[in-house]
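Next come the chains, spelled out residue by residue.
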Amino acid sequence: MIFARCRKLPVASSVGAADDFFARLLADELEGVYQRRVLIENRPGAGGLIGNKRMSQAHADGYTLGMVGVTRLITELMREQPPFRALGDIVGVAHVASITNVLAVTRTLPVTTAREFVTYARVRPGELNYASLGIGSASHLAAEVFSRALGIDAVHVPFRMASDSFVEMALGRVHYAIFTLPAALGPVREGRLRALAVMTPQRSPTLPNVPAIAEVGLPEAQFDSWCGIVAPTGTPRRIVEQLHGDIVHVLGKAALRDLFVRQGAESTPESTPDGFMRLMQVEYLRYQAMIRDG
């Protein structure tokens, strides 16, 4: 018996970002299950604040869920009076994907490796800049972790959409960024940006010729991402479990798993609602420590 059918899926990012990409894949599959459209609501801006606030205010009836990632946690932690509670306003439904990040630079820089880039940037304090998807976004924190760990002094240039930052990087006006691999994969493969390292202990099968950041001797700069589906607090447990079952069913499809891998991510159909909530709680404490120390 179906208790609820997801009808709307707010995403706190623009079209083309990693969580938007995976939300659309998931929505397409769920439409086949529910035999009705699942509407993606892109609510970018303010470092994820707008879209995440929308998720917190949704009715707890199982019809409006939310695709969330690292940014939901950081957005609250970066503000003294956030308009939502990162974890208090939601319950976990399903962990959808673990996502690789990549260090990408403009091809106008005279560097071809991550080590060369770090050396180049260290002797030019304040001369380089990096792109992000806004203050408090995952890309902002990833670049700050990278800069602080390796002693790089660079200027933050926030953008509303990843595509805008890629244009500026291709032109050489923005020098580098640490974005999720699904978002940056197109510009990298097209040769508009140069990928220097994936921010993980091992290489990604998506870009097998690009070294892992740990492999080049910079493990302190590692930064991974994730995304998953949540429901508003107060959603009945039976509805959460039914929606979880629907999502796990589609995530288990071999074709979808292969597509995730080709985009630099790994699907996680083995997750549970409580397991995803625990993951977010652990991540919240980790980012809280990062931001406090920074």
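Since this is a predicted model, take the numbers as computed values, not measurements. Position labels on residues start from 1 in each chain and follow its written sequence. Owing to the predicted nature of the model, reporting of local features is limited to residues with pLDDT of at least 70; listing and counting of side-chain atom pairs is limited to 80 or more, with chain, interface and lining totals taken over all residues. Side-chain numbers here rest on the full set of heavy atoms in the structure, without hydrogens or water.

Asks: Can you tell me about the nonpolar core, naming the residues and giving the values?
Replies: Grouped together as the largest cluster of nonpolar side chains are 48 residues, with contacts concentrated most on Leu103, Phe117, Phe146, Ile152, Tyr176, Met280 and Tyr287. Setting aside residues up to four positions removed in sequence, Ile152 forms contacts with Phe117, Val118, Ala121, Arg122, Phe146, Ser147 and Tyr176. Within this scheme, the nonpolar core is defined by two criteria: the residues are buried Ala, Val, Leu, Ile, Met, Phe, Trp, Tyr or Cys, and they are joined through side-chain atoms within 4.5 Å. Each residue is assigned to one of three classes by its accessible area relative to the maximum for its type, calculated with a 1.4 Å probe on protein chains only: buried under 20%, partly exposed between the two thresholds, exposed over 50%. Counting 32 residues, the second-largest nonpolar core is a separate cluster that includes Leu26, Ala27, Leu243 and Leu256. Here, two residues are considered to be in contact whenever any of their heavy atoms come within 4.5 Å of each other.

Asks: Give me the environment of Ala60: which residues, what numbers.
Replies: Here Ala60 shows up in the loop between helix 2 (49–56) and strand 3 (66–69). Placed 171 residues apart in sequence, Ala60 and Ala231 show a C-alpha to C-alpha distance of 7.0 Å. Filtering out sequence-adjacent residues up to four positions away, Ala60 remains in contact with Pro232, Thr233, Gly234, Thr235 and Pro236. Only DSSP runs of H or I reaching four residues or more are called helices, and only runs of E reaching two or more are called strands; each is numbered from the N terminus.

Asks: Give me the pattern of salt bridges: which residues, what numbers.
Replies: By salt bridge we mean one thing: a side-chain nitrogen of Lys or Arg within 4 Å of a carboxyl oxygen of Asp or Glu. Following the criterion strictly, the structure yields 14 salt bridges and no others. The partner of Arg173 in a salt bridge is Glu168, with the nearest N and O atoms 2.7 Å apart. Residue Arg173 is classed as exposed on the basis of its relative accessible area of 52%. Of the charged contacts in the structure, one is a salt bridge between Arg192 and Glu190, with a shortest N-O distance of 2.8 Å. The class for Arg192 is partly exposed, based on a relative accessible area of 35%.

Asks: Summarise helix 6 (residues 162–171); cite the residues concerned and give the values.
Replies: Because each turn of an α-helix spans 3.6 residues, side chains separated by three or four positions end up pointing in the same direction. Within helix 6, the full set of buried residues consists of Ala162, Ser165, Phe166, Glu168 and Met169. Across the axial projection of helix 6, the buried residues extend over an arc of 165°, all falling on one side. Along the arc lie the directions from the helix axis toward the C-beta atoms.

Asks: I'd like a rundown of helix 5 (residues 138–150), residues and numbers included.
Replies: Between its first and last C-alpha atoms helix 5 spans 18 Å; for 13 residues at 1.5 Å apiece the expected length is 18 Å, and the two agree. Burial of helix 5 is extensive: ten of the 13 residues sit out of reach of the surface. Three or more residues of helix 5 are buried, namely Ala138, Ser139, His140, Leu141, Ala142, Ala143, Val145, Phe146, Ser147 and Leu150. Just downstream of helix 5, Gly151 is the residue with a positive phi angle, here 70°. A helix is expected to span 1.5 Å multiplied by its residue count minus one.

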